[in-house]
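# Observations on the model geometry
Here is how the chains run, residue by residue.
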Amino acid sequence: MSVTSVGPSTVLRSARIPGDGIYEGRRILRRLPEGWQDRPYEHFEVVPQARTIGAELRGVDLSRPLTPVLREELNRALLEWKVLFFRAQHLTSAQQRDFARNWGELETNPLLAAGSSDDVVRFDKGAGAAPTYENVWHTDVTFRERPALGAVLQLREVPPFGGDTMWADMAAAYDNLPHEVRDRIDSARAVHDFIPGFARFYGTERLLPHQDLFPPVEHPVVRTHPETGRRMLFVNTSFTTHITGLDRDESDRLLRFLFQQAHVPEYQVRWRWQSGDIAFWDNRATQHYAVGDYGSERRVAERVAVEGDRPF
């Protein structure tokens, strides 16, 4: 029996993967805006948790009133790290609200369960609780004309495993978009609506009373941070319904690609909670994801949000 020898190929076969996905390769991981002076901190220790986003601050007691100097340094840390973590603070709801008020008036949300007051949201999950507000990347309340500046979240009861929260740096997400995508979206606007995000959990009768209170709003697809000037991707799975001026299929395809950018691990930080921990994040610059992997164990958190400005 004769065997036909096969020589090396001289032409590379055609092959491709589906487009509009997360691409592989090196990424730009720039924590600070261009021209930003990286100065040391004087009033606390900073322990980075990831390359561009997330730092634990040690040596700060959030139960005490902030001096102007400390407040200013904390704000700089927030702008530079986007999410700040504080271990074992064990604040009362009043202390948590007082801390958040250093950044502005507090926001209320009639769609969420209230804690001790209307501006404290309480998430109490345990056996039999509805699986709400988890397992989706989102930016809070972008369905408002003025989405929240930031939020202060405290875990009061932590499950024995799971229940972490993740945040994604949307400035890094924008920095790494292909140039042709950035050219398409730099001046684009998109519609945000509360209904898609809450219809996963609530029926029509629960949503109807809020429909006139929260009409659809338009925001830029790429917003400019009002304090740093940094450009950031500003669309999210929960509330962004379509890009203005595009037909539905084209808008859906582009939004799917943009939504995926929060899923890149290099842009993320993940926090494993302990009881009494505080996370304070810049809602203008991030998305977050509550990981619903703790089964029937109980997880109790309280959140206070700070009113924001109109995105531009």
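Note that the structure is predicted; figures quoted are calculated from it, not measured.

## With respect to the pattern of salt bridges
Taken as a whole and judged by the stated rule, the model has 28 salt bridges. Residue Arg97 pairs with Asp119 through a salt bridge whose shortest N-O separation is 2.9 Å. Taken together, the positions of Arg97 in helix α2 (residues 93–100) and Asp119 in the loop between α2 and β4 (121–125) put the pair 22 residues apart, joining distant regions of the chain. Each member of the pair, Arg97 as well as Asp119, is classed as buried. In this structure, Glu134 engages Lys125 in a salt bridge whose closest nitrogen and oxygen atoms are separated by 3.8 Å.

## Points about the nonpolar core
The biggest cluster of nonpolar side chains holds 28 residues, and the ones touching the most others in it are Phe143, Trp167 and Phe198. Secondary-structure elements contributing two or more residues to this core are β3 (83–86), β4, β5 (150–157), α5 (194–199), β12 (268–271), β13 (278–282) and β15 (299–306). At three residues, β5 tops the list of elements feeding residues into this core. In this view, Phe198 contacts Leu111, Leu112, Tyr133, Phe143, Leu207 and Phe239; residues no more than four positions away in its chain are not counted. Core analysis: the second largest hydrophobic core is formed by 27 residues, Ala172, Ile185, Ala188 and Val221 among them.

## Notes on α2
The set of residues buried in α2 consists of Ser93, Gln96, Arg97, Phe99 and Ala100. Within α2, the buried residues cover an arc of 160° as seen down the axis, which keeps them to one side. Its buried side turned inward, α2 meets α1 (68–81), β5, β13 and β15.

## Some remarks on the pairing of β5
The element β5 is largely enclosed, with a buried count of six among its eight residues. Pairing geometry for β5 and β13, over five bridges, is antiparallel. From the neighbouring strand, Gln154 faces β13, where its bridge partner is Ile278. Relative to β15, β5 is paired through seven bridges, and the arrangement is antiparallel. In the sheet register, Glu157 faces β15, and the bridge partner there is Val300.

## What to know about the environment of Trp273
On the secondary structure map, Trp273 appears in the loop between β12 and β13. Sequence spacing of Trp273 and Gly162 is 111 residues, and the spatial spacing of their C-alpha atoms is 8.7 Å. Discounting residues that sit within four places of it in the chain, Trp273 has contacts with Arg87, Leu153, Leu155, Val158, Gly163, Asp164, Thr165, Trp167, Ile278, Ala279 and Arg299.

## Some points on the sheet that holds strand β11 (residues 240–243)
Pairing in this open sheet of three strands is antiparallel, and the strands run β8-β7-β11 from one edge to the other. Taken across any chain shown, the strands that pair with only one partner, and hence form the sheet edges, are β8 (217–220) and β11. Each adjacent strand pair in this sheet contributes to an overall mean axis angle of 35°, direction not counted. Relative to β11, strand β7 (residues 189–192) runs antiparallel, the two being bridged by three bridges. Paired with Val191 across the bridge in β11 is His242.

Reading the values: the criteria
Think of each chain on its own: its residues are numbered from 1, step by step along the sequence as written. For a predicted model such as this one, the threshold for reporting local features is a pLDDT of at least 70, and the threshold for listing and counting side-chain atom pairs is 80 or more; totals across whole chains, interfaces and linings nevertheless cover every residue. Neither water nor hydrogens contribute to the side-chain values; these are computed over all heavy atoms in the structure. In what follows, salt bridge is the name for a side-chain nitrogen of Lys or Arg lying within 4 Å of a carboxyl oxygen of Asp or Glu. Secondary structure elements follow DSSP: runs of H or I of four or more residues count as helices, runs of E of two or more count as strands, with numbering from the N terminus. Buried residues are those whose accessible area, probed at 1.4 Å on protein chains only, stays under 20% of the maximum for their type, while exposed residues exceed 50% and partly exposed ones sit between those limits. Buried Ala, Val, Leu, Ile, Met, Phe, Trp, Tyr and Cys residues that are joined via side-chain atoms within 4.5 Å together make up what is termed a nonpolar core. Any two residues having at least one pair of non-hydrogen atoms within 4.5 Å are treated as being in contact. The directions from the helix axis to the C-beta atoms form the arc being described. Whether two strands pair depends on DSSP finding at least two bridges between them. Comment: axis = line fitted to C-alpha atoms, over the contacting stretch for helices; angle = value between 0 and 180 degrees taken between N-to-C directions.

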